[in-house]
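Each chain, letter by letter, is given below.
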Protein chains: 2
Amino acid sequence: MGAKFEELKPHFERMMALKTAMILFEWDDATLAPKEAGKLTEKVIGTLSGEYFCAVNNDKVRELAHACEKEEGLSEAEAAQVRELLEEIAKLDAIPQEEYQAFARLTAGAVRTWTKAKEENDFDAFAPTLEKVIDYQKKFAGYRAKEGQKKYDVMLNDFEPGFSMELLDTFFSVIKKEIVPLLKAVQASHVEIDDSFLTGDFTDEQQEKIGRFVAEYVGFDFAKGVMAVSAHPFTTNLHNRDVRITTHYGKNLDSSLFSIIHETGHALYELGVRDDLTQTLVGEGASMGMHESQSRFFENILGRNKSFWVPIYSKLQEAFPENLGKVSLDAFVRAVNKATPGFIRTEADELTYSLHVLIRYELEKELIEGDLQVKDLPRIWADKYEEYLGVRPENVREGVLQDIHWSQGSFGYFPSYALGSAFGAQMYAHMKKEMDVDKLLEEGKLSVIREYLREHIHQYGKLKKSREILKEMTGEDFNANYYVEYLKEKYGELYAL
Amino acid sequence: MGAKFEELKPHFERMMALKTAMILFEWDDATLAPKEAGKLTEKVIGTLSGEYFCAVNNDKVRELAHACEKEEGLSEAEAAQVRELLEEIAKLDAIPQEEYQAFARLTAGAVRTWTKAKEENDFDAFAPTLEKVIDYQKKFAGYRAKEGQKKYDVMLNDFEPGFSMELLDTFFSVIKKEIVPLLKAVQASHVEIDDSFLTGDFTDEQQEKIGRFVAEYVGFDFAKGVMAVSAHPFTTNLHNRDVRITTHYGKNLDSSLFSIIHETGHALYELGVRDDLTQTLVGEGASMGMHESQSRFFENILGRNKSFWVPIYSKLQEAFPENLGKVSLDAFVRAVNKATPGFIRTEADELTYSLHVLIRYELEKELIEGDLQVKDLPRIWADKYEEYLGVRPENVREGVLQDIHWSQGSFGYFPSYALGSAFGAQMYAHMKKEMDVDKLLEEGKLSVIREYLREHIHQYGKLKKSREILKEMTGEDFNANYYVEYLKEKYGELYAL
């Protein structure tokens, strides 16, 4: 370790402590905090966020970071922390502190405004806040843009470095060209899949019990993690010994079940980060897309595979005897793979999911780079759903207000969801050459799969970019065809196309 | 507001944000965090605590605080914040930062060490840690002592300013002289009280449901608060819109029920703090003793009063029909007031409670000012229990390891528990002259009582010291006789003495 890096260490510790505190407040706010806590807690978070800003963005840290850039003898992990810090400094340097803090306060409140507006199905109640959020984000992207760089590319780069509009336009045009017709063929198919048995009046306790079992079966370690309930399922991590997932319980048993498998995929990523990286600036997943590749790999590619359920389907039947007692494994697996165009992204099946993201990509691009006005969102949203999915939402709760992300200021985030599925499909194609995935699943040997992913992906945290990880693992640059082929094969078979 | 005070405001905000973050981590650690999170989270807390230290203890803040001392036109609340800050500075100034941080890390770990040692009934596993905690606290008290001031008086002053060993020696000698013989008379009484129906195999869900009902009945506002489960019940507050209580569930229905009423008493205090004081250095209860006066007032003086249960006893019977269905209200009230000398302070009845505290006071005094060695604690502890309560603990889990407080570094804290009961009794004697407390209880008008306490106590936060509040409210300085008379009257009647 170099002398300058040694001097940076207490600064890194400050940053991580403040960041971890903010993460805990976010978790608490989403899972537990009382309704009226909002305003005062927002102020606390705003102040902590200002402190974080000062911890990164000060002359001493800037000087040390630049000195470290030239320092010899840094380990790979140390060099990566310095690189990440310099990126963070550049990002913060561009934004005046008051605006940064005001934005942090705004988004803390915006989440509550969105929650209420969604409950009350009232877009107008959220629109002025959303406009403010977008204005801030456009302004920030403008501050941060390199010469000639588009604002939306700045945003995209935050979640998926290396994937700009140019590449994404191509990616989504393939999706549009291939998946929209595939969905139409599926809908025209004579095959009828019964999934009525997935719906019922299940108690939260029933669902939680089997949910915990499945999380643990997939590999979630409750000695290092917590599972709770929130409006929208998510995963958060304080460090690699404290990773937390949430779910929500409703009338569809598959909804909470697969959300838990999904979040467990995220959690395994964070739990698998190396000890020397956790609680550093590079101690989390490489990118949103790489994260989604893991959650979607577990949820869809493994979790909706018949082989996955072979060892544990009887457990599920025992948990829900009235609904599943007489349902065969085959019928269950067909049901959880049924493609039904719907309004809600988080409830979407594997086939239609990418179309939900396609719509958000097109809208975000127009909001940031084009002329789309916030007030027109509900109508345009509905038009696109009608065009791509064949369904038109009747209300904003099931339309443009369904997602929390815009209220948090996350623009450029949604595309990573679809990229994650595509990464996962590419990994799966490669893994099948290396091991008999189905056999491992049938024998309940998920640890072999987990270890493989840990070795090739999880352990590195942010040491590598997502494209690099993908290339080193599969021997090939990102290639969307694997995803399209995977879907065509799976749904072709399921719907006898 | 003065110009210098205006300059201090962002510094106050930093302090409060860091303090609030540490409070949230403590809450999370006690109620939710996974087992293995400990070490890494400790480090985060240690860093935040160091940041808090820096936020208070720096040249700029010191200069501003002293300037504000002389500034004119400060409101009462502002002047109190400055006074509190100067006290805090004096306290921190005396302690080297490295030692302060090391101590914060030590106690974070010590709580876990204590938890494990208690589970395993192994005092030796905790003793070295306890020795370290005591050494730190003695060293810190030495740094902070004014000329001629005893170390234990420094510690006592942190929890109950104005109550030194001199006053407490007198207070506890009255307790020893009056309550030890009163307990012996109770034990010699021919009156037998049946409380067998309070024990049973209750589910957590049953207990939680009625617990939430009772908390709300007493006045806990779930829009501004949270109730959870922890090993040892406690109350914590982020601010007056987010106050949290915990309980634990076991085989005695009265244990969790009255712990909830107790913690609700604490919570009402914090919820009642004025809006202009919350999230400031004077935005919490005046002292530990004043806090305990509120929790004990609700738990014992109101909660174990027959009148309290008149409107809601039928609810309790419905919740536990097998146990309470055929038990009269009179029999229930007698049962929850039964005096039974036992090992566990937190499960102690109102009569024996102060004897548990007496023992801790005598031991702490000897540990800090005398020659008592940590290794001898289990034996001396048992000897004193035998002498004052007539019972000798057979193991350390039910003996010296029962309380969390020493592991947190809280010495000088226990006496406030007994003082709180005494404050409460003095308040009660006064309130009975002002209003018909029993009638209000019978009519379920707890809001009148709450409002009275809010007006005379809660709203002020730390604007006034406990002795001052007590004097202004009751027209009299602290007088322990009210407490002794209250107990004599109550238990004399109950046991026909």
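Chemist: Teacher, can you tell me more about empty space enclosed by the protein here?
Modeler: A water-sized probe, rolled over the atoms, reveals where empty space remains. Residues and elements named next belong to chain A. Inspection of the entire model under this criterion finds seven cavities of 30 Å³ or more. For the largest cavity, the lining is made up of 13 residues, of which M16, N237, L238, G283 and E284 are closest to its centre. Only α1 (3-31) and β2 (235-239) provide two or more residues apiece to the lining of the largest cavity. Here the element with the most residues in the lining of the largest cavity is α1; it accounts for four residues.

Chemist: Whenever I open this one, helix α6 (residues 123-144) of chain B confuses me. Can you help?
Modeler: What sets the pattern is the α-helix's 3.6 residues per turn: residues three or four places apart point alike. Residues and elements named next belong to chain B. The end-to-end C-alpha distance of α6 is 30 Å, a good match for the 32 Å that 22 residues give at a rise of 1.5 Å each. Regarding α6, the residues found buried are F123, F126, A127, T129, L130, V133, I134, Y136, Q137, F140 and A141. Against the buried residues of α6 lie α5 (97-119), α7 (151-159), α16 (353-369) and α17 (377-389). The N-cap of α6, judged by a side-chain oxygen 3.3 Å from the amide nitrogen of D124 a few residues on, is D122.

Chemist: How do you make sense of the interface of chain B and chain A when you look at a structure like this?
Modeler: Contacts between chain B and chain A engage 36 residues on the former and 36 residues on the latter. Both faces considered, chain B and chain A share a buried interface measuring about 3,000 Å² in area, 69% of it formed by carbon and sulfur atoms. Three residues stand out in chain B for area buried against chain A, namely B:P34, B:E36 and B:L40, and they jointly supply 18% of the buried area on that side. Here B:D28 ties to A:R244 by a salt bridge, and the two come within 2.5 Å at their closest N and O atoms.

Chemist: Hey, could you run me through the packing of helix α8 (residues 165-188) of chain A against helix α22 (residues 481-494) of chain A in this one?
Modeler: Axes are the key here: two packed helices are described by the angle between their axes and the distance separating the axes. All names here are of chain A. Two numbers describe how α8 lies on α22: the axes approach to 11 Å, and their chain directions differ by 5 degrees. It follows that α8 is roughly parallel to α22 by the angle criterion. Contact residues: F171, V174, I175, E178, I179, L182 and V186 in α8; Y483, V484, L487, K488 and Y491 in α22. Looking at side-chain class alone, the contact of α8 with α22 contains ten nonpolar, no polar and two charged residues.

Chemist: For this particular structure, what's the right way to read the pattern of salt bridges?
Modeler: Per the stated rule, a full pass over the model turns up 86 salt bridges over all chains. A salt bridge links A:E7 to A:K4; the shortest N-O distance between them is 3.8 Å. With a gap of three residues between them, A:E7 and A:K4 both fall in helix α1, about one helical turn apart. According to the relative accessible area criterion, A:E7 is partly exposed, its value standing at 35%. For A:E51, the salt bridge identified is with B:R14, shortest N-O distance 3.0 Å. Of the two residues, A:E51 is situated in helix α2 (residues 38-56) and B:R14 in helix α1 (residues 3-31); the pairing between them involves two chains.

Chemist: How do you make sense of unusual backbone geometry when you look at a structure like this?
Modeler: Residues and elements named next belong to chain B. In this structure, N121 takes a positive phi of about 55 degrees despite not being glycine. With respect to the helices and strands, the residue N121 is situated in the loop between α5 and α6. Positive phi, close to 60 degrees, is recorded for Q279, a residue that is not glycine. Mapped onto the secondary structure, Q279 falls in the loop between α10 (253-271) and α11 (288-302).

Chemist: What is the right way to look at a negative patch on the surface in this model?
Modeler: There is a patch of like negative charges on the surface, built from A:D204, A:E205, B:D204 and B:E205. Of all the elements in the fold, those that place two or more residues in the negative patch are α9 (204-218) of chain A together with α9 (204-218) of chain B. By the element assignment, A:E205 lies in helix α9. Since its relative accessible area comes to 56%, A:E205 is described here as exposed.

So, how was this worked out
- Residues numbered from 1 in each chain as written.
- Chains lettered and ligands numbered in written order.
- Predicted model: local features only at pLDDT ≥ 70, side-chain atom pairs only at ≥ 80, totals over all residues.
- Heavy atoms only, no water.
- 1 Å grid on protein atoms, 1.4 Å probe; cavity = no way out; pocket = protein on both sides within 12 Å on 5 of 7 lines; lining within 4 Å.
- Points joined across faces, edges and corners; volume = space filled by probe spheres on them.
- Helix = DSSP H or I, 4+ residues; strand = E, 2+ residues; numbered from the N terminus.
- Expected span 1.5 Å × (residues − 1).
- Buried < 20%, exposed > 50% of the residue type's maximum accessible area, 1.4 Å probe, protein only.
- Contact = heavy atoms within 4.5 Å.
- Polar contact = N/O pair within 3.5 Å; in protein donor to acceptor, adjacent residues only side chain to side chain.
- Buried area = accessible area lost by both parts, 1.4 Å probe.
- Salt bridge = Lys/Arg side-chain N within 4 Å of Asp/Glu carboxyl O.
- Axes fitted to C-alpha atoms, helices over the stretch in contact; angles between N-to-C directions.
- Parallel < 35°, antiparallel > 145°, perpendicular 65-115°, else oblique.
- Nonpolar A, V, L, I, M, F, W, Y, C, P; charged D, E, K, R; others polar.
- Patch = residues over 30% accessible without salt bridge, like charges linked within 9 Å, V, L, I, M, F, W, Y side chains within 5 Å.
- Areas by Shrake-Rupley, 256 points an atom, 1.4 Å probe, with all protein chains shown as cover.
- Lys, Arg positive; Asp, Glu negative; His and termini not counted.
- Charge placed at Lys NZ, Arg CZ, Asp CG, Glu CD.

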